[in-house]
Amino acid sequence: MFDDFGINAGYVEDLHNRWLQSPQSVEEGWREFFEQRLGAKTAIAPTAAAVIAKTTNGNGAVAYREAVRETVIAATELQSRVAQLLNAYRVRGHLFANVDPLGTATTGHPELELSNFGLREEDLDKTFSAAGMSGLPERATLRQIVEHLTETYCGSIGVEYTHIEESEPRLWLQEAMESTRNHALLKRAELVRILTKLTEAEIFEQFIHKNYVGARRFSLEGAESMIPMIDLLIEAAGQHGIEELVIGMAHRGRLNVLVNVMGKNVRQIFAAFDDKRPERFFGAGDVKYHLGYSSDVVTQAGRPIHISMAFNPSHLEWVNPVVEGRVRAKIDRRKRKSTMPLLIHGDAAFMGQGVVEETLNLSQLEGYSTGGTIHLVVNNQIGFTTVPADSRSTRYCTDVARMLRIPVFHVNGEDPEAVIQVTRLAIEFRARYKRDVVIDMYCYRKYGHNEGDEPRFTQPLMYALIDRKPTVREVYAQRLAAAGHVSREEADAIAQERRATLERALEEARQGDFHQMPEAMGGVWEPYKGGPDAGVPEVATSFPKADLLRALDAMTAVPPGFHPNPKACLLYTSPSPRDRQKS
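Predicted model, so just to flag it, every value in this text is computed and none were measured.

Caption draft 1: Broad picture of a nonpolar patch on the surface. The grouping of Met 521, Val 524, Trp 525 and Tyr 528 at the surface amounts to a nonpolar patch, some 460 Å² of accessible area in total. As for its position among the elements, Val 524 is in the loop between α17 (488-511) and α18 (545-556).

Now the structure itself:
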């Protein structure tokens, strides 16, 4: 019987074996076919010959072959439509993901409607091959397939990855996402750590806002998920052998990163706001949110990592090549790729400043590569006072990065666990393929460009939405409480402890002298001396003449068997440097 199906014989034989185990496990059309051809398992069915004779006036062989052909064609066509639907989710699913914390969650995806692929609602409970889809059994109903794809590609994460030309990284990322439905598998301790980091970020901003009214700090509020994201990035980087992380970023959220990621003494931050000794910095200072810093941290696994933040005097993306150059120098000096760059961008600056594209363009060149950069775009959905529709011609602020054929993750910043998931994928992808990765974290900016601006003058509708929103921490705390992971009382205790810590630090800062000049010229720079030229001792720069001549002879000697360019031969056939010196 199976030979009648030609190249589909194996497929039909598999269906037949499943029918023998359980008739209900195959679709109705195949169930009727096997019952008519071989006899029902639970009831006596008419023989195939009787059925064919009854319906074809005795021309049974012709009718049988025609029935087989039509059945196979129909099943193949239906399976191919499911394959088209699968591909559409992978390619276009990011367009329908719920990544905007200010937007209304989408419930329908017109482009992904079943009817667009020749499928109907009654097909939802039919079973199809799920080959090539991780996280599903070999066969699954269409309903299961759609739910799986929707959760993977249209939830809090939208991914652009099908433009990656090499099959290996593309298929690896596809399997990593689909096998988990793009959800991070987190233990309770990890959930508590995320909540703690969110709390530290939020309370820090609120504390400064209350105690230094009107002072510019370029608040991180609305994008607090950046703090647990970098915290997790450091942990994951340590697991992949990274010994040093170099960070480049603009001013928004910089103070928060310094305190809650790099461990800078918060008393120094408070002292800078109080600014009781301005004469100490006369002619040599800068605002607190431009300054760099470095520190050593130890991951939970006990791995030490040195973190450096580059100074950035308010030129936004111009810090990018500075960071990449520092990282490349460290790699060349150590002869191993144990240093990783992290660049934190603003959405408008990432698209608007040409130095971003120039830096991206260098990323895969032999003389400039740093083994892959993690790019985090803090997407406030506004640039100073300008919304995206008036500032760029592309859908995403990250579209310039597609030229590198690298993955771009769009993620809802109000879903910290989704942010953690894309961070894990990003660091793993970078470790495997030594290429850049972009995380586009959609969030919002609670205040104006700085705390002295009034954003409601230019964006009243956007800020009407923002004013009604609970904080990122509050949303996440409610989510954990509803799931039974962390009680409301535990979440409040974390916040109270952090407030008390900052209160003590503020009191100590105002009693002591914590406003010091920023540290510089440490580490490998320690032997060097800056300042006026007159204060620098003379250094001998002469070189022994005989050694110089030997070096020149070696440099101009043509190796045996090597045939230089004819014009270059003139240089080598001319008198040698030693002969010229003698003459």
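Caption draft 2: Molecular detail of unusual backbone geometry. Even without being glycine, Arg 181 reaches a positive phi, approximately 55 degrees. Along the chain, the position of Arg 181 falls in the loop between α6 (167-178) and α7 (188-211). Given a relative accessible area of 26%, Arg 181 falls into the partly exposed group. One non-glycine residue, Gln 381, lies in positive phi territory at about 65 degrees. Secondary-structure assignment places Gln 381 in the loop between β8 (374-379) and β9 (408-412).

Caption draft 3: Inspection of the packing of aromatic side chains at higher detail. Per the counting criterion, the structure on display carries eight aromatic pairs. Measuring from ring centre to ring centre gives 6.4 Å for Trp 172 and Phe 429, while their planes differ by 50 degrees; the resulting arrangement is tilted. Linking Trp 172 in helix α6 with Phe 429 in helix α14 (residues 416-433), this pair joins segments that are 257 residues apart in sequence. Side by side, Trp 172 and Phe 429 carry an identical accessibility label, which is buried. For the ring pair Phe 207 and Phe 270, a centre distance of 5.5 Å and an interplane angle of 40 degrees mean the geometry is tilted. Of this pair, Phe 207 sits in helix α7 while Phe 270 sits in helix α10 (residues 266-274); the two residues are 63 residues apart in sequence, bridging distant segments of the chain.

Caption draft 4: Summary view of the pattern of salt bridges. For the structure shown, the criterion picks out 31 salt bridges. Two residues, Glu 151 and Arg 181, come together in a salt bridge whose shortest N-O distance is 3.0 Å. Of the two residues, Glu 151 is situated in helix α5 (residues 142-153) and Arg 181 in the loop between α6 and α7; the sequence distance between them amounts to 30 residues. Residue Lys 469 pairs with Glu 414 through a salt bridge whose shortest N-O separation is 3.0 Å. Taken together, the residues span a long stretch of sequence, with Lys 469 in the loop between α15 (460-468) and α16 (472-483) and Glu 414 in the loop between β9 and α14 at a distance of 55 residues. Given the relative accessible area of 22%, Lys 469 is considered partly exposed.

Caption draft 5: Quick peek at the environment of Arg 120. Inspection of the secondary structure assignment puts Arg 120 in the loop between α4 (60-92) and β1 (127-129). Judged by relative accessible area, Arg 120 falls into the partly exposed class, the value being 47%. Among all residues touching Arg 120, those that are not within four sequence positions of it are Leu 114 and Lys 126.

Caption draft 6: Highlighting the pairing of strand β10 (residues 437-442). Across the six residues of β10, six count as buried, placing the element largely inside the fold. Of the two faces of β10, the one lined by Val 437, Ile 439 and Met 441 and the one lined by Val 438, Asp 440 and Tyr 442 are each fully buried. Where β8 meets β10, six bridges bridge the pair, whose relative direction is parallel. Among the inter-strand pairings, Val 377 is bridged to a residue of β10, identified as Asp 440. The pairing of β9 with β10 spans five bridges and is parallel. The partner of Val 411 across the bridge, within β10, is Met 441. With respect to chirality, the unit in which β9 leads through α14 into the neighbouring parallel β10 is right-handed.

Conventions and cut-offs
Residues numbered from 1 in each chain as written. Predicted model: local features only at pLDDT ≥ 70, side-chain atom pairs only at ≥ 80, totals over all residues. Heavy atoms only, no water. Patch = residues over 30% accessible without salt bridge, like charges linked within 9 Å, V, L, I, M, F, W, Y side chains within 5 Å. Areas by Shrake-Rupley, 256 points an atom, 1.4 Å probe, with all protein chains shown as cover. Salt bridge = Lys/Arg side-chain N within 4 Å of Asp/Glu carboxyl O. Helix = DSSP H or I, 4+ residues; strand = E, 2+ residues; numbered from the N terminus. Buried < 20%, exposed > 50% of the residue type's maximum accessible area, 1.4 Å probe, protein only. Phe/Tyr/Trp six-rings, centres within 6.5 Å; stacked < 30°, edge-to-face > 60°. Contact = heavy atoms within 4.5 Å. Pairing = 2+ DSSP bridges. Right-handed = clockwise from strand over helix to strand, strands pointing away.

Spatial relationships are all this shows, so hold off on functional conclusions.
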